[in-house]
Amino acid sequence: MQVEISRRRFLQGSVALVVLGGVGGATLSATDLLANFQKDTAVPTGTIPTICEMCVNKCAAIAHVRGGIVKKLEPNPYFPKSRNMLCARGAAGIHALYDPDRLKYPLIRIGKRGDGKYKRATWDEAYAYIEEKLVKILDEEKDNRSCIAYCAGEGLGEHTYKTFMADKFGSANFLNHSTICLQTAVSGYTLTIGGYGLADLENAKYIIMAGANRAEAILTPDTMDLFKRTRGRGAKLVYVDPRFTNTAMHADTYVAIKPGTDLAFVLALTFVALFEGLYNKAFVANNFNDFDKYHKHITDSGYTPEWAEKITGVPADTIRTIARDFMAAAPQAIYYAGRRTTWAKNDFQLRRAMAIFSALGGGIDVKGGIVFGSKLPLGEHPATAPLYANAKSRLEKNAAAVIGATGSWVAFRNLVADGKAPYPVRGMFVYKQNPMLSVPDTAKTRAMFEKMDLVVVIDTIPSDTAMLADVILPECTYLEREDPVQSYAAIEPAIILRKKVIEPMYETKPVIDIMRGLSARLSQPLWEITKKYDEDVQTELETRSEDEVYTEGGYDLTEPFKQSQEELNKHMVVSKHGEEAWKILREKGVYYPNMQTYFTKINNNTYACYPEDKKIYSVLKTEEAVVGDPASLRRIFATPSKKIECFLGSMATKGIDAMPTWKDEEYVRIPKGKFKFISGRHAQFTQNSTQNNVILLDLMRENYAWINDREARELGIAFGDLVEITSSVGKVRIKAYPTPKIVPETIFYIHGFGSKSAALTFAHRNGASDNEIIEGNIEPVFGCAIMHDTLVSVRKV
Ligand code: SF4
């Protein structure tokens, strides 16, 4: 206990320095902190399974703890998905825990919004501040819950946060990463083949990866395994990108393409497959809907390789060869869907065209193709969601043809910032997301936040967005909390558990505890507002007691948060798989049926989780089986026609092309003297979770702007020169990297750099943020941000 107290005092000393300095200057390095922690030996020692949170992949890890200090993170071999690997980011996760800049206790703004001046507060004081503001806003807005918006980044705690903000608080205005990330890809594939699917890269013989830069953007264990099979070792990889990346280095064929022209490339591949009759005819006959219409559309439109060459810059012969080789390898051939942002206005049509082209080879729901995977069930925790009569529907619902449950970040932001929202949005809760760095047109995002009366940020670090908050609530890091148990759909399905490795440091809390505290504080005061303005509730109260309406109507906001996360997890697992499964999960961090007998060690680095004959490659129900020709099985796809949809009549009624169609007028041409700006990811950085990580910053301190070396010479720009890049919405200064590895008329730099938060010692102004210059435009189907169609000019400073 004494040691515990002394450690806390030490930590309090260090954080006080940060806050008194206006959250600007941490004075202790991570090494200093670690050295101090290492003196503490009175706390547990051992190995504890956890789940990495340094990117979206969620690899299983084992934390080695000695004397209460997390010394090392290692891979956990039991999780089939992560294949006994942990990448550089995963291993560097330890810095998220010991980052001297991390948020340590609640903070309340005392200066102007954005100037970084905060005072330390207790949790009670922070909750009281939020309560006072919320009561005032909801009273003035007559209980329109949607005047408080909320957003969240991807993570295991997202559902817990949503349970509070959507189900209990009742706001319709939710925004997550989907429309600044992969919504068009997910929806394009889902509406076409019934699911986004997984790529069985382990068994595919031919893979087209277009812009999905896996060696850098998502360097996950299966990426590493794939590269062991490329370049003459079993799988042919064709890589299409405006840049020659590290993925290109591992590919068998690299295809340089002009940004924004991928749809023309895929349509031409499809033309070759159809015109030359290379597609899988039995599969198509059994499984395609409106195939004849699509065949006619592609061939009549003249989407020939020669036509595509003029648009894409890819030689017609290369397109022909790729189409022929792909179909020859099919059905073990995949046009890789990727996890990407929306690039251009036609992105939804691009994803549809990719899915249809893949399906023409028959490689859907089969080994070596696109598979859907199976998922182990988990128990549920139902909570009653109250109905608020005055809560308005989401404000950007008409911004695109289909605005889904995760909204359209850019459309929402534009309406609020431009003062064009149909009702006032006066507050926002932000959890594990950093819109100031992740949403295009940073100046406009700032304008949106500046209009709000209440901004609450829940995070682990003082991000650029946190610096605009009225109240900052410090969440503990992923190594200090147990998160909701997760089940993953896969060829080798498994349930995983992120266990708490050490107790939360400082005064941080997991999001479930934060929601519990907030709900306890807000439940009664907000109920008073509902009683005052909600006529339905007033009518109900005429015949029923207040207690009944409050409790049974779900107005008691504390209801879902009464149990601990551990208790909730136990119920979810035991109710479906029994006590033994729970025991295994807690001990190993991973569970799947028959794990004890299936799991085998092959050598010191390699383990097998499922025997080959137990892996689940095909999940769709089939009919009309023809012995000896599995491709001719009729599969029941999860689409309206139960077949692969070539023609989407439902989209046509919304003014969207029913079939993938190239439209010249949608393509943004590059005027002389201008460039098209594109951005991407890096193998050691994943946005918010890595930006201040000194271990990773050792590998790359700042980002550089790629520019074609010939064009750089013409502009007098040499390596390391400071250049100014200007778009219609902003300008940045960044060092130049002239290189032949990027197509002309294109500028690139990596996302996730250029933070302006002075409270981030290591990330502060280390390069430039891409969203400072990306314009805030959306594509017309799902309202996704168009990330790669901004024109910029470049000059040497
Ligand atoms: S790929 Fe790396 S960063 Fe992502 S979850 Fe796995 S170990 Fe963590």
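Everything numeric here is computed off the predicted structure, so don't read it as measured data. (Residues numbered from 1 in each chain as written. Predicted model: local features only at pLDDT ≥ 70, side-chain atom pairs only at ≥ 80, totals over all residues. Heavy atoms only, no water.)

Right, let's get into the overall build of the protein. A count of helices and strands for the protein gives 27 helices and 31 strands. For the protein, the C-alpha radius of gyration of 27 Å lies close to 28 Å, the compact-globule estimate for 797 residues. Projected onto the principal axes, the alpha-carbon positions of the protein cover approximately 75 × 65 × 65 Å. Burial analysis of the protein (797 residues in total) assigns 59% to the buried set. (Helix = DSSP H or I, 4+ residues; strand = E, 2+ residues; numbered from the N terminus. Rg over C-alpha atoms; globule rule 2.2 N^0.38 Å. Buried < 20%, exposed > 50% of the residue type's maximum accessible area, 1.4 Å probe, protein only.)

The next thing to look at is the sheet that holds strand β13 (residues 333-335). Hydrogen bonds between backbone atoms are what pair the strands of a sheet, whose relative direction is either parallel or antiparallel. Reading across the sheet, the four strands line up as β11-β10-β9-β13 and stay open at both edges, with parallel pairing between neighbours. Of all strands in the sheet, those bounded by a partner on one side alone are β11 (253-256) and β13. The average angle at which neighbouring strand axes cross in this sheet is 15°, direction not considered. Inspection of the sheet shows strand β9 (residues 206-210) paired to strand β10 (residues 236-241) by five bridges, in the parallel sense. Bridge pairing links Ala210 to Val240 in β10. (Pairing = 2+ DSSP bridges. Axes fitted to C-alpha atoms, helices over the stretch in contact; angles between N-to-C directions.)

Around the ligand, a shell composed of Cys52, Met54, Cys55, Asn57, Lys58, Cys59, Leu86, Cys87, Arg89, Gly90, Leu219 and Thr220 is seen. Classifying every residue of the shell around the ligand gives seven nonpolar, three polar and two charged. (Near = heavy atom within 4 Å. Nonpolar A, V, L, I, M, F, W, Y, C, P; charged D, E, K, R; others polar.)

On to the pattern of salt bridges. Here the structure, examined in full by the defined rule, presents 52 salt bridges. Across the pair Glu480 and Arg102 runs a salt bridge whose closest N-O atoms are separated by 2.9 Å. Of this pair, Glu480 sits in the loop between β17 (471-474) and β18 (486-488) while Arg102 sits in the loop between α4 (94-98) and β4 (107-109), and the two are 378 residues apart along the sequence. Arg102 shares its class with Glu480; the two are buried. Linking Glu612 and Lys615 is a salt bridge whose minimum nitrogen-to-oxygen distance equals 3.1 Å. For Lys615, a relative accessible area of 18% translates into the label buried. (Salt bridge = Lys/Arg side-chain N within 4 Å of Asp/Glu carboxyl O.)

Another aspect to go through is helix α10 (residues 262-275). Taking 1.5 Å as the rise per residue, α10 with 14 residues should run 20 Å; its terminal C-alpha atoms sit 20 Å apart, in good agreement. With 13 of 14 residues buried, α10 is to be regarded as a mostly interior element. Once α10 finishes, Gly277 follows within two positions and takes phi at roughly 65°, a positive value. (Expected span 1.5 Å × (residues − 1).)

What follows is about the environment of Phe753. Examined against the element boundaries, Phe753 turns out to sit in the loop between β30 (746-750) and β31 (790-796). A residue is classified by how much of its surface remains accessible, and Phe753, at 1% relative accessible area, is buried. Once the C-alpha coordinates of Phe753 and Ala329 are considered, the two residues, 424 residues apart in sequence, prove to be 40 Å apart. Setting aside residues up to four positions removed in sequence, Phe753 forms contacts with Leu437, Phe685, Leu697, Met700, Arg701, Glu702, Asn703, Asn766, Ala768 and Ser769. (Contact = heavy atoms within 4.5 Å.)

Coordinates in, geometry out; function isn't part of it.
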